[in-house]
Structure formats: structure tokens, C-alpha cells
Amino acid sequence: MLEIHDLRVAYGNKNILNGIDLSIRQGETLAVIGESGVGKTTLGLCIAGLVQGKVSGQVLFQGMDLLKLSEQDLNKMRWNRFSLVLQNVENVLNPVMTIIKQVTEPIVEHGIRKKKYAVEKAVEVLSRAGVPSSRYEAYPHQLSGGERQRAMIAMALANDPEFIILDEPTASLDTLTRLEILKLLREVGRDRALLVITHDISAAAKLGDNIAVLYGGKLLEKGPAKEILTAPCHPYTRGLLRSYPNMTTVKDLQGIKGRLEIPQKGCCFYPRCTQAVDICREEHPPIARKGECYLACHRGGIVPLLQLKDINVNYGPVAAVKGANIKVYEGETMAMVGESGSGKSSLAYSIMGITKSFSGSIYLDGSKVKKRSKEFFRRVQMVFQNPAESISHRHNVLQAVREPLDIQNLGCDGERKEKVRRALDEVQLSSDDEFLSQYPYHLSGGEVQRVAVARALILKPAVIVADEPTSALDASVQAKVLKLLMELQQNRGLGILFITHDIALARKISDRITVMQAGEIVEEGPAERLITRPGHSYTRALLEAAPDMDFIEQEQNGVDLRESSLSSCSFLAKN
Amino acid sequence: MKRHAVAVSNYITAFIIIISLNFLLPRLMPGNPLQAIYGEEALIAMTPELKAELISRFGLDKSLCEQFFNYLMNLCQGDLGYSYYYNAPVFEVILGALPWTILLVGAALVLSTTLGAVLGVEAGWRRGRAGDKVLLAGLMVLNGFPDFFIGMLLLLIFGVMLNILPLSGAVSPYANLTGVALLWDIFKHLLLPLSALTLAGITGSFLLTRNTMIGVLRSPFVLTARAKGLSPAAIRYRHAGRNSLLPVVTRAGVMAGRMATGVLFVEMVFSYPGLGHLVNTALTARDYPVLQGVFLVITVSVLTINLFTDILYTRLDPRVSYAY
Ligand SMILES: Nc1ncnc2c1ncn2[C@@H]1O[C@H](COP(=O)(O)OP(=O)(O)OP(=O)(O)O)[C@@H](O)[C@H]1O
Ligand code: SF4
Ligand SMILES: [Mg+2]
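Calculation notes
- Residues numbered from 1 in each chain as written.
- Chains lettered and ligands numbered in written order.
- Predicted model: local features only at pLDDT ≥ 70, side-chain atom pairs only at ≥ 80, totals over all residues.
- Heavy atoms only, no water.
- Near = heavy atom within 4 Å.
- Polar contact = N/O pair within 3.5 Å; in protein donor to acceptor, adjacent residues only side chain to side chain.
- Areas by Shrake-Rupley, 256 points an atom, 1.4 Å probe, with all protein chains shown as cover.
- Helix = DSSP H or I, 4+ residues; strand = E, 2+ residues; numbered from the N terminus.
- Buried < 20%, exposed > 50% of the residue type's maximum accessible area, 1.4 Å probe, protein only.
- Contact = heavy atoms within 4.5 Å.
- Buried area = accessible area lost by both parts, 1.4 Å probe.
- Salt bridge = Lys/Arg side-chain N within 4 Å of Asp/Glu carboxyl O.
- Nonpolar A, V, L, I, M, F, W, Y, C, P; charged D, E, K, R; others polar.
- Domains from an automatic or database assignment.

Lay out the site of ligand 1 with the relevant residues and their values.
Residue and element names in this part refer to chain A. In the region of ligand 1, 13 residues are neighbours, and Ser-36, Gly-37, Lys-40, Thr-41 and Thr-42 sit closest. At a separation of 2.7 Å, an oxygen atom of ligand 1 approaches a polar side-chain atom of Lys-40. A distance of 2.5 Å separates an oxygen atom of ligand 1 from a polar side-chain atom of Thr-41. In isolation ligand 1 offers 640 Å² of accessible surface; the protein chains occlude 63% of this area.

Below you can see the structure in the form of C-alpha cells.
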């Protein structure tokens, strides 16, 4: 129905769209998502031939190139074949015309019906869109935002077009109105093609058969809605989903680093991408097929940093880990939960090479790790459950945090000290000389653990293997340390393998969760899925045991409560 | 409702102030009315008794306060005084001249506003293109000329050089025309002063409409109208134009005031027998009652036009009644 090839739009020398390829089939809904200012509205207007700027490429509407049509021919197509629901801003409807007149207008103007019958049709679409009949004769300023949105949808339906472009149809509506509008749009979209332009990811999920992600005037990813939303490949898509407050995902909100600025050349996302490599600075990646989706990334999407294949750890006859397969992706947290003794730490030790009695292979950045070289430790660092394991009691803070630099032989003394100070700042510890000369036994548990984190971070590793890093801390300090890790993840793309027995904690910080029981991985999946729809009975058990704050007082006093409420009920007393 | 009360009380206040000014101003002018009526020599020859009688007859010996009270009372009875120059009631004198001025100003107001608005809409639509530039430059030049000068130019070209239109008056004297011939005669006489007045007033409404239009064309609803595939004319007038008209209508009231003075000069140039002409004569004769009467009629008309445009404005813009 609609096919767009290499669509480019520029205002002056400011390029807004840089080569968009899209297609929408009959009866299909495509949702285009992206941040404010990435050119979503421009895309919609461009299809309808309404942008002022320089436009090139092809917009094939049922084989006809809209960009080549004259204004008159285009006018014949507008509203009859495709219509628009523009962004619901003030004055999007003519302030001095009544609603019904504005809905009737295109029917009459296009000569579809005589005025009298056109009004009938207008009433029909208005009522279909759920505009209360008392509002037909109202002026736009007398409508609420939701009513205005409905009126615009009604107007778009007036001439029965086959295709409708909707720009932010759910913006600035309250949740209930929003839900009704979505319902209406689903119904509208049943027998026609829709292009929904939105930053409301939930609306995209509810409406879109397919989703395309727009950034810097380019599509970074497109594919079936389910794929894009549950397993985004592009770092930008992941960032969008993570920063969108909703009832589905469980991880705390995380943003995308930096701000919207499009570089002159290279991947348009590289200034904000945490996994950018040299080539990203040079050229924009072409969009290519990946599974069911299309993706534009030199690295094939979010890369796996650490991969464990078939890891077995045997302590003599005891099999601590049985055939574990785990992937830690760039910028993501993989939480490994399981009760005490289920083999979590053994797995961590096998990664770091602390235990030798394991089999299986470990891949770092895609290549197999043969020995734990200095290079390996520059990329992978560990934080232990007990800080005493990371920090020798003979070292003061400076020495402890500096040690990895000494081992790697990086920089001169002065530089190292400077780095230590910065690392301590990052974990929100004091970095003055007095603190640097403290010994671990002078510090509180929380401080020592943060020193351990600073030590792990000082080499700016790509992956941190954290074994119960916060279990020794009280909740408020734990919250601080975790926030710090999440921030590093957002800004640096830190991959974290977070080992914990606390699934409530895992829920807040992880993208994926692996559940381990007696050395075996029993379930693995996206955090939200695992929390809301656990597949394995062991996972369910863990979830049931997880801490919550529902108080049980009511259950104990249930009878009393009901009785007292009954006796105080005036309605019952009267009868 | 509240808004209407506010508007009406505003108009009443304005009306009171105007009546007071109208009463005071002519009396503060230098010179003695008796002197103006009878001439310097006659005044010297007059006996003091005769002078006193005349003064009491015109009420000139009473205190200002009493004069004002009398003035108000008479006003209520539709008595605007007696012109001692025309030797007729002022009311009748004014009534003879008023229709011509109403015809002239009314037509000029409507014409200059509509023409200015239409040209403004067209120019705004073509902003920066040749048509717009020509209109803008042309009307700006026109704006530089005072209205009586435009009148004199027109008179010179069409009346004297081409000799196709009458030079003065509102009808041909002693022709005893009736019916269509009379109307045609009136029209021919009206054409030049009307053109002068219209041309002088057109620039204001043109510029205002054009500027508003340029702003309005950027509004989202114009984009909506374009998206609907409407014809350019519908977009220009039904959507953009109608919204650009609002300030122009408000301004028509102001324009009416300005035209009331413009018409005085234009009528002098064309010897058109309207209020302007009357004022001219009354001024030279210091005919206070006529002057007062004319000013009263003019100010009241201007106020009425303002009220009228206020009402029209609420009709055109549904948001106004809502905003108050
Ligand atoms: N007429 C114009 N002239 C110049 N620049 C423009 C014009 N219209 C839009 N832009 C610029 O194009 C960019 C994309 O704008 P667009 O309206 O398409 O964003 P958007 O993705 O729809 O944002 P939002 O979610 O806020 O609606 C912005 O930087 C904007 O400033
Ligand atoms: S890895 Fe490179 S190509 Fe892929 S999104 Fe990041 S910057 Fe763009
Ligand atoms: Mg937009």
C-alpha cells in the first residue's frame, strides 16, 4: 500500500530525514517511535506532501509516487485516499469554525456528497469516534483534549480513506481517555492501514503490527512489534524502552546518555552509544536483516560481552555447576539468582579463573578466553561477597584501589593517585589524603564494599562480575551502590553479572534473570517475563519467598474489622 | 453577560466625557460670538442694550454651569440649539448635511476595510513574491499622501484634465433629476471623494491584514486545512483569511474615528455638502451651536460604530465571549 524509498528531507542545510525506507501493507499498522525532535512529525507530513523543505526519494502510494504529483493531483488524493490526524496542539482545528463544519468541509469540498448528506456523514463519523453529540456545534476551544482528539479522528475518517497517518494520537491525554482512544484506533485500523507516529511506546505496542525506530532522521531498527519490544537489538531501542515508565518492565528507569545531537558523519547514534567502535565514527551502518527484524548497526546490535558455554564445575565428586550457558550483553545486567549453595559463586570463580576445576569455554568480546591474561582482567573485574576477599587487610585504601593499576603497570604514580581519587569520587567516598591512608578495619562495612567497587572500576572494565556485592550492606547504602552501578551501566555500557539470592533486588536492576538450582540453570529470560510469568516451580518458590511490604495485620484481625465496619455503616443501621 | 455590562458602562463613560468636552471646547475658543455674527463694525455701532439683549438671548451671560445644564436639557429634547448664522435650528442644519457624510464615510469605511483585507489576504498568501512586493510598495507610497492631497490629485486628473466626473457638489444643481438618473448623478459625484477617502484608508487595513495573515498561515489549523486537500481559495479565505480578519474588524472602529476627520478635508476639497462642509462654514463664522452639534453627531457615530464592531467581533471569534 505504502512504500517509502530513500526518503530525505532537509530544511535549508539542516537534514531532518536521511534516507528512510518503509513499507506498510493493506490493513497493517506501523508505529514509528523515537524521541522528541528526531523527525517523526516531519515523516508524517512528508508523506502527505506538506513539508516546506527539500524532499527527495520516493513515496509510493499504491504504486503512485506522491512526491512527483502536482499540487492539484495531490489535493485530489488528500483526505480521499489518505488523511492525517495532526499532533493535537492548540489551534490544530480552526478556532472560528464549529466541529461539525470542519468535519463536513472535506466531504463537500471534494464533491463526495451534497452539503445536506455530508452533514449526515459527519454525524456518523463523529459518533463513531465517540464525540458526544452535544459537542458537534461547539468550537474547538470548548472541547477537552480528548474530545478534540476524537474530533480529529472523526475528521480523518470523513472521506473513508484507505490510509491514515496519526501524529502523537495519545499525547497529553489522561490514562483512561488514552485507553479509549487506543481502543478506537484499533477499531479504525482494522480495515485500513495506519501509520502511528508516537513517543508513547505503550501506544505503539497496543496499535502497531510493526514498529520502526527513528533517530537522527534514519531508521535504526524495524520489525514486528513483539520482537522490537521484547528483544530490542539496537542500543537506542533498548534505551527508549528502558526510559519509558510502564507496568510491564520491572527494572528501574534508565535513560540514554548524552543528549540528542546528530553528528555530521558516522552512525547517527554514536555520540550516545556505549558500544561504539572506530568505524561507527566514520560511516552510518546500512540497515540489514537480522532475524525477523531490520537493524542498522555495525556491530549487529547490542553485543554479547561475556559468554559462558557449557560450564561445569566439579569439586571432586560434587558437581557445583552443571552445564551453565550464560550471556552478558553490553550495557545490561544479567542477574543470577538461586538459594545459598546453588553454585552461583562457583560459576563466578570459574569466570575469573579462581577455580581451576571447571570445564567448558568462556568467550570475551566474541573470542575464546584461553588464559586469564592482564588483558582479560582489564576487561573483566570482580567484586566479592565479602570485601575482605577483594581487599587485603594490609593495604590502606590508596594501595587497595591502586593495585589493579600497579599490576597493569598503567601510568606514573601521580596519575595513578589521581585515578584512585576519581574512582573513589565515583562511588561517593571521600578522596582526601586522610581517607586514602585508612585501613579496611577502620572503615564501616558499606565503606569497605564501596572501596572494593572502586577498585573493580578503576580499570574501567567492560564487565563486572559481582557476587552478592551488597549483601553485607544495609538497605540505604545498598541502594546507593546499586544506583552507582546502574549509572555506570547507562553511561559506559557496563555489563554486569549480578549474583544474588535476592530476587526482589534482581527485579529492580536486571534486564535478564537466570535462576539456578543445585548447580543447574532451571530458567532464564527477560526480567519482566520471569517475574510476572515464572515458568519453573523453583522460580515461583523464590518469588513467593521474596520480601514484600504487604502487611498481614488485616488477615489476623479480619473478623473484627468487618464487624466494626458493619456496625458503623449507616445504610445497614437504617434498614 | 458580565462582559456586556463592562462594555456598556465603558461606552456610557466615554459618552459623558465627550458631551462635556463638546460643550466646553467651543466656549474656550478665542473671540466673541457676537462679533462673529454681526461683524466688527456692527458690534462697535451697537448700543449696549442691544448687546445685552443678544447676549441673554444666546445665554452667553449665564455661568458655565448654567449653560451646561441648559445644554443638557435641550439635548434631551433633541434640541441642539439655534444657529444664528443659518437662522435655523441646528438639528435641521445638520440633518441636511448628515446623509451625505454617512453615505461617503460609510461607503469609504466598508470599501477600504474590505479592499484592504482582501488585498492583505492575497499579499500575505504570496508573501515575498512579486505580487506581494508590488502591493506593499504601492500602498506604502499611497500611505504617504494625506487624504485631501489624494482628493486634489483625483480632482485634477478626472475632473479637470479628463473632465469625465463632476468637480464639486453631491448632485447637479437645478437639473431636477429623478429615479435612476438621480442615482447615477449621485454616484458620479460620490465617486471622487469616495475614492480619495478609500485610498487614504486602505493601507492601514491592508498592512494589518497582511501581517496577521502571515502569522495565521503558520498556525497548525492551516496545515490541517492543507492536509484536507482543500482548494487554495478555501484555505486562504475560509481558514486563514477569516482568522486574519479579527484584528481588522476591531480596527474598523478606530478607522471610523480617523475617517471622521479625513472626511472634513475631503468634503472641503470637493465642496461636498456634508458635515465637513458644514464644519468649515461654522468654523469661519464661529457658529458654536452648529459646531457643537456636528461634533456630537460625529463622536456619537464613532462610538456607535465601535460598539457595532465589538459585537461583530464576538460573532466572528467565538473565543472572545469565552475569554471574558
Ligand atoms: N519548518 C521547519 N523548518 C526548519 N526546521 C524544522 C521545521 N519543522 C521541523 N523542523 C526541525 O526538524 C526536526 C524534527 O522535527 P519534527 O517535528 O519532525 O520532530 P518530532 O520527532 O515530531 O518531535 P516531537 O516528538 O516533539 O513532535 C526538529 O529539529 C525541528 O526543529
Ligand atoms: S555500535 Fe556503532 S553502529 Fe551500532 S549503534 Fe553503536 S554507534 Fe551505531
Ligand atoms: Mg512531532
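Would you mind going over the side chain of Glu-122 of chain B in detail, with residue names and values included?
Of note, Glu-122 of chain B is situated in helix H5 (residues 90-125). Overall, the relative accessible area of 18% leaves Glu-122 of chain B in the buried class.

Which residues make up the interface of chain B and chain A, and what are the values?
Interfaces are frequently sized by the accessible area removed from exposure as the parts join. Across the boundary between the two partners, chain B contributes 20 residues, which contact 26 residues of chain A. Between chain B and chain A, roughly 2200 Å² of surface is buried when both sides are summed, and carbon and sulfur atoms account for 59% of that area. It is Arg-226, Ala-227 and Lys-228 of chain B in chain B that bury the most area against chain A; as a group they hold 28% of the surface buried on that side. Counting every contact that joins chain B to chain A gives three salt bridges. In this structure, Arg-238 of chain B engages Glu-105 of chain A in a salt bridge whose closest nitrogen and oxygen atoms are separated by 2.5 Å. Applying the counting rule to chain B against chain A returns twelve residue pairs in polar contact (both at pLDDT 80 or more). Mapped by element, the contributors of at least two residues to the side of chain B that touches chain A are helix H9 (220-227), helix H10 (232-270) and helix H13 (318-323) of chain B. In terms of residue count, the dominant contributor to the side of chain B that touches chain A is H9 of chain B (six residues). Here the side of chain B that touches chain A is built from residues that sort into nine nonpolar, five polar and six charged.

Residues and numbers for the domain arrangement of chain A, please.
Residue and element names in this part refer to chain A. In terms of domain boundaries, chain A breaks down into domain 1 (2-81 + 161-295) and domain 2 (305-388 + 461-545). Each of domain 1 and domain 2 has a C-alpha centre, and these two points are 36 Å apart. At the junction of the two partners, domain 1 supplies 13 residues and domain 2 supplies 18 residues. Considering only the surface of domain 1 that becomes buried against domain 2, Val-250, Lys-251 and Thr-274 emerge as the three largest contributors, covering 39% of it. Our count for the domain 1 to domain 2 interface comes out at five salt bridges.

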